[in-house]
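As a plain string of letters, each chain reads:
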Amino acid sequence: PLKPEELDLLEQEYALEGGEVRWRELAYLVDGGNEHLEQQPLKSVEPVRRIDMMATKPIESPELLDLLAHLKSFVGYRNMLVKPFFQDYDPHRNRTVTRHQFAAVLNLLKLPVSEDEVRALQDGFAATGAGLEDKVNYLDFCRRIDPTER
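Conventions used here
Residues numbered from 1 in each chain as written. Predicted model: local features only at pLDDT ≥ 70, side-chain atom pairs only at ≥ 80, totals over all residues. Heavy atoms only, no water. Phe/Tyr/Trp six-rings, centres within 6.5 Å; stacked < 30°, edge-to-face > 60°. Helix = DSSP H or I, 4+ residues; strand = E, 2+ residues; numbered from the N terminus. Buried < 20%, exposed > 50% of the residue type's maximum accessible area, 1.4 Å probe, protein only. Core = buried A, V, L, I, M, F, W, Y, C linked by side-chain atoms within 4.5 Å. Contact = heavy atoms within 4.5 Å. Patch = residues over 30% accessible without salt bridge, like charges linked within 9 Å, V, L, I, M, F, W, Y side chains within 5 Å. Areas by Shrake-Rupley, 256 points an atom, 1.4 Å probe, with all protein chains shown as cover. Salt bridge = Lys/Arg side-chain N within 4 Å of Asp/Glu carboxyl O. Arc of directions from axis to C-beta.

## Quick notes on the packing of aromatic side chains
Evaluated as defined, the whole model comprises five aromatic pairs. With a centroid separation of 5.1 Å and an interplanar angle of 75°, the aromatic rings of phenylalanine 102 and phenylalanine 141 are classed as edge-to-face. Linking phenylalanine 102 in helix α5 (residues 99-108) with phenylalanine 141 in helix α7 (residues 138-145), this pair joins segments that are 39 residues apart in sequence. Here phenylalanine 102 and phenylalanine 141 have matching classes, each one buried. Here phenylalanine 125 and phenylalanine 141 contribute two aromatic rings whose centre-to-centre distance is 5.5 Å and whose plane-to-plane angle is 80°, an arrangement assigned as edge-to-face. One end of the pair, phenylalanine 125, is in the loop between α6 (115-124) and β2 (135-137); the other, phenylalanine 141, is in helix α7, and 16 residues separate them in sequence. Within the aromatic cluster, the residues linked to one another by ring pairs are Phe86, Phe102, Phe125, Tyr138 and Phe141.

The structure is reproduced here in structure tokens:
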């Protein structure tokens, strides 16, 4: 589902005077092209690749990869469930929390990380997308350190 701010962006982009919308152009972009499925409903088409607007960038830093490996073994050894603690701060299940909330959960879990390492994790798992400048993608983080999380 689209968020209200995303709907506002679509409305601004495709609005016409009088409250109308350029729906054909929008539908063309959403459906992925000129397959004309209304004329050939049984036509085989390639699946549309969706871009995950919340995805984080690939982690390349050896120090951060080492830290994640250490945290994964720590979490696995203690048989901890990490994601539920983040979800307490994410009632709408947007997969993100603020940088402050992220640090608070790490502290609550008593994960062995320094302040510098917390900042590195926040930067490494920073959410991308409009309006997500102060957000951390905790789901990607949990998938990296919690062996039970998929």
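## As for the nonpolar core
Within the largest apolar cluster, 24 residues are counted, with the highest numbers of intra-cluster contacts made by Phe86, Phe102, Leu106, Leu111, Leu121, Phe141 and Ile145. Those elements that place two or more of their residues in this core are α3 (62-78), α5, α6 and α7. Per-element tally for this core: the top contributor is α3, with six residues. Discounting chain neighbours no more than four positions away, the residues touching leucine 121 are Leu64, Leu67, Leu68, Leu71, Phe102, Leu106, Val113 and Phe141.

## Brief notes about a nonpolar patch on the surface
On the surface, a nonpolar cluster with roughly 260 Å² of combined accessible area is contributed by Leu2, Leu7 and Leu10. Along the chain, leucine 7 turns up in helix α1 (residues 4-14). According to the relative accessible area criterion, leucine 7 is partly exposed, its value standing at 45%.

## A closer look at α5
Buried residues of α5: Phe102, Val105 and Leu106, and no others. Take α5 and look down its axis: the buried residues cluster within an arc of 100°, on one side only. Along α5, the residues that are exposed and aim more than 90 degrees away from the buried face are His100, Asn107 and Leu108. Those residues of α5 that are buried are in contact with α4 (83-87), β1 (96-98), α6, β2 and α7.

## Remarks on unusual backbone geometry
For asparagine 79, which is not glycine, the phi dihedral falls at a positive 55°. Note on placement: asparagine 79 falls in the loop between α3 and α4. Although it is not a glycine, arginine 93 sits at a positive phi angle of roughly 55°. Along the chain, arginine 93 turns up in the loop between α4 and β1.

By themselves these figures say nothing about function.
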